[in-house]
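The residues making up each chain are set out below.
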Amino acid sequence: MILDDLFQIIQSRKTSNPTTSYTASLFHRGRNRIAQKVGEEATETVISAVTNDIEHVKSESADLLYHLLVLWADCNITPSDVYDVLKSREGTSGITEKQSRKKEF
């Protein structure tokens with residue numbers, strides 16, 4: 001799967017030179033910067049959607065997924081970890097599942 005392949009590339013960049021690798025530069029700048037990039041890309045995806053700019057929804061979604069994978073790598077979370085959470089929710093009503101979660105914020 002493309003996300004798993006991309007995640008492996010991202011993982012391999014953790015120790016790369018931050019002056020020659022954008023991914024390494026994100027790791028070098030730290031989790032706050034990585035999280036900020038996830039937020040920026042999410043916002044750009046939303047703006048593209050509400051303005052009905054479908055081509056930009058596609059490209060911004062790709063940017064969002066990339067930065068989310070970088071965040072997972074920084075948090076030592078693998079795509080499989082997230083797939084497992086999604087799998088555990090399979091067959092459960094979204095409303096029921098959401099009500100079963102602890103209030104986090």
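Further up the page is the structure itself.
Keep in mind that what you see is a predicted model, and the values were worked out from it rather than measured.

What follows is about the nonpolar core. One recurring pattern in soluble globular proteins is that nonpolar side chains are buried together. Within the largest apolar cluster, 12 residues are counted, these being Phe 7, Ile 10, Leu 26, Phe 27, Ile 34, Val 38, Tyr 66, Leu 69, Val 70, Leu 71, Trp 72 and Ala 73. Mapped onto this core, the elements with two or more residues apiece are α1 (2–12), α2 (22–29), α3 (31–50) and α4 (54–74).

Moving on to the side chain of His 67. Counting through the fold element by element, His 67 comes out in helix α4. Those residues within four positions of His 67 in sequence are excluded, and the remaining contacts are Tyr 22, Leu 26, Ile 34, Lys 37, Val 38 and Glu 41.

Taken as a whole, this structure holds six salt bridges when the rule is applied. Salt-bridge contacts for Glu 40 lead to Arg 33; the nearest nitrogen and oxygen are separated by 3.5 Å. Among the residues examined, Glu 40 registers a relative accessible area of 27% and is labelled partly exposed. As a salt-bridge pair, Glu 90 and Lys 87 come within 2.6 Å of each other at their nearest N and O atoms. Classification of Glu 90 as exposed rests on a relative accessible area of 54%. Assessed through its relative accessible area of 57%, Lys 87 is described here as exposed. One network of salt bridges, with partners in common, ties together Arg 33, Lys 37, Glu 40 and Glu 41.

Remark: α3 packs on α4, axes separated minimally by 8 Å, with the N-to-C direction vectors making an angle of 160 degrees. In terms of orientation, α3 lies roughly antiparallel with respect to α4. The two elements α3 and α4 meet at a crossing, and its hand is left-handed. Mapping the contact onto sequence places Arg 31, Ile 34, Ala 35, Lys 37, Val 38, Glu 41, Ala 42, Glu 44, Thr 45, Ser 48 and Ala 49 in α3 and His 56, Val 57, Glu 60, Ser 61, Asp 63, Leu 64, His 67, Leu 68, Val 70, Leu 71 and Asp 74 in α4. Its residues assigned to classes, the contact of α3 with α4 comprises 10 nonpolar, five polar and seven charged.

Attention now goes to the packing of α2 against α4. Axis separation between α2 and α4 bottoms out at 11 Å; the angle between their running directions is 50 degrees. Judged by the angle between their axes, α2 and α4 are oblique. In the packing of α2 onto α4, the handedness of the crossing is right-handed. Facing Tyr 22, Thr 23, Leu 26 and Phe 27 of α2, the residues of α4 in contact are Tyr 66, His 67, Val 70, Ala 73 and Asp 74. Looking at side-chain class alone, the contact of α2 with α4 contains six nonpolar, two polar and one charged residues.

The phi angle at Asn 52 is positive, at roughly 60 degrees, despite the residue not being glycine. Positionally, Asn 52 belongs in the loop between α3 and α4. Residue Asn 52 is classed as exposed on the basis of its relative accessible area of 58%. Phi is positive for Asn 76, close to 60 degrees, though the residue is something other than glycine. By the secondary structure assignment, Asn 76 is in the loop between α4 and α5 (79–89). Classification of Asn 76 as exposed rests on a relative accessible area of 62%.

About the cut-offs
- Residues numbered from 1 in each chain as written.
- Predicted model: local features only at pLDDT ≥ 70, side-chain atom pairs only at ≥ 80, totals over all residues.
- Heavy atoms only, no water.
- Core = buried A, V, L, I, M, F, W, Y, C linked by side-chain atoms within 4.5 Å.
- Buried < 20%, exposed > 50% of the residue type's maximum accessible area, 1.4 Å probe, protein only.
- Helix = DSSP H or I, 4+ residues; strand = E, 2+ residues; numbered from the N terminus.
- Contact = heavy atoms within 4.5 Å.
- Salt bridge = Lys/Arg side-chain N within 4 Å of Asp/Glu carboxyl O.
- Axes fitted to C-alpha atoms, helices over the stretch in contact; angles between N-to-C directions.
- Parallel < 35°, antiparallel > 145°, perpendicular 65-115°, else oblique.
- Left-handed = near helix turned anticlockwise from the far one by under 90°.
- Nonpolar A, V, L, I, M, F, W, Y, C, P; charged D, E, K, R; others polar.

Everything listed here is a matter of geometry and, on its own, says nothing about what the molecule does.
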